[in-house]
Amino acid sequence: MLHNQRFFNSIYGPVKSWRFGQSLGIDPIGAVSTCSFNCVYCQLGEIEYQTTTRQVFISTEQIQQDLQPFAPWDVDLVTVSGSGEPTLAQNLADILTAAKAITEKPLAVLTNGSLLTDPDVRADLMIADRVSVKLDAIAPSFFQRINRPFDGLDLGQLWAGLWQFRQQYSGILSIQTMLLSTWSDQQQADYITLMQRLLPDEIQINTPTRPKPTRHELDARGNHTSGSRPYPVRSLKPVSVEQLQIFCDRIQSTTGIPTRYPQHQLIPSTQA
């Protein structure tokens, strides 16, 4: 069912990202943040609606219309993410196909991977040039605590879907892991073992460098700066650059998989 999005613009940015360079964002979800997770660090703030049911939120036609004013799309790539989990959009394949035809730019989808057990979702993602999948925890207790998934989702299911997707996908697969604290030696070793099995094309180790709004804020979709904001936020303490580098060096030297991290962390806002 389409949401009433009369004043909603499905395109945002361009934004500068340490992961993707200059990217233009497509939001297939809409003004009401909708996701299968409610991550404790989410840059959007608290998720307003949690679900695992796919539906059409924003019509493909609206996204096509919203793209036009951003021509000539002088960006490195177009990123489908926005106000929640993009694979919840039932018209994702149509959106990706239309965006690729209009912009002639590489397409990336940022997903939490929770719907990858669905063959239709995996088929939709085959259109993307790059897919970045969130994997923040390797233990069920941490998965529940950090990602706060919708009822019925578990880490085993997430991993099973990711494994199925890896066997089929021929594009660039990135794994993005958010560190809220320094992992123990055993946690790091277990993570490396999983990556050796999965063999993604790239691993991105991240840490919260942007403050979290205390409620959902649409502006936070593309707000990648550390400056003050016109809404209340709270800051999360990031893991140090030194600890990120140590972990990344260990991953890359053990697996041979290119591993990146934000080398110039933003200073979290102190705005209350």
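These figures come from a predicted structure and were not determined experimentally.

Enquirer: I'm lost on the pairing of strand β9 (residues 202–206) in this one. Help?
Expert: Working note: regular strand, side chains alternate between the two faces of the sheet. Counting buried residues along β9, five of its five residues qualify, which places the element largely inside the surrounding structure. Alternating positions in β9 separate into two faces, E202, Q204 and N206 on one and I203 and I205 on the other, with burial throughout. As judged from the five bridges shared by strand β8 (residues 172–178) and β9, these two strands associate in the parallel manner. Each bridged residue has a counterpart across the sheet, and for M178 the counterpart in β9 is N206. Remark: the β8/helix α6 (residues 185–198)/β9 crossover connection has right-handed handedness. Sheet topology note: the β9/strand β12 (residues 259–260) ladder contains two bridges and is parallel. Residue pairing for β12: Q204 is matched across the bridge by R260.

Enquirer: How should helix α2 (residues 92–103) be read in this particular structure?
Expert: Because an α-helix packs 3.6 residues into every turn, residues spaced three or four apart end up facing the same way. The terminal C-alpha atoms of α2 lie 16 Å apart, and with twelve residues this matches the ideal 16 Å at 1.5 Å per residue to within 8%. Restricting attention to buried positions, one finds in α2 the residues L92, A93, I95, L96, A98, A99 and T103. Check the buried side of α2 and you find it contacts β2 (21–26), α1 (60–67), β5 (77–80), β6 (107–111) and α3 (119–125). Backbone geometry just after α2 places E104 at a positive phi near 55°.

What counts and what doesn't
Residues numbered from 1 in each chain as written. Predicted model: local features only at pLDDT ≥ 70, side-chain atom pairs only at ≥ 80, totals over all residues. Heavy atoms only, no water. Buried < 20%, exposed > 50% of the residue type's maximum accessible area, 1.4 Å probe, protein only. Helix = DSSP H or I, 4+ residues; strand = E, 2+ residues; numbered from the N terminus. Pairing = 2+ DSSP bridges. Right-handed = clockwise from strand over helix to strand, strands pointing away. Expected span 1.5 Å × (residues − 1). Contact = heavy atoms within 4.5 Å.

Interpretation note: all reported values are geometric properties and have no functional meaning in isolation.
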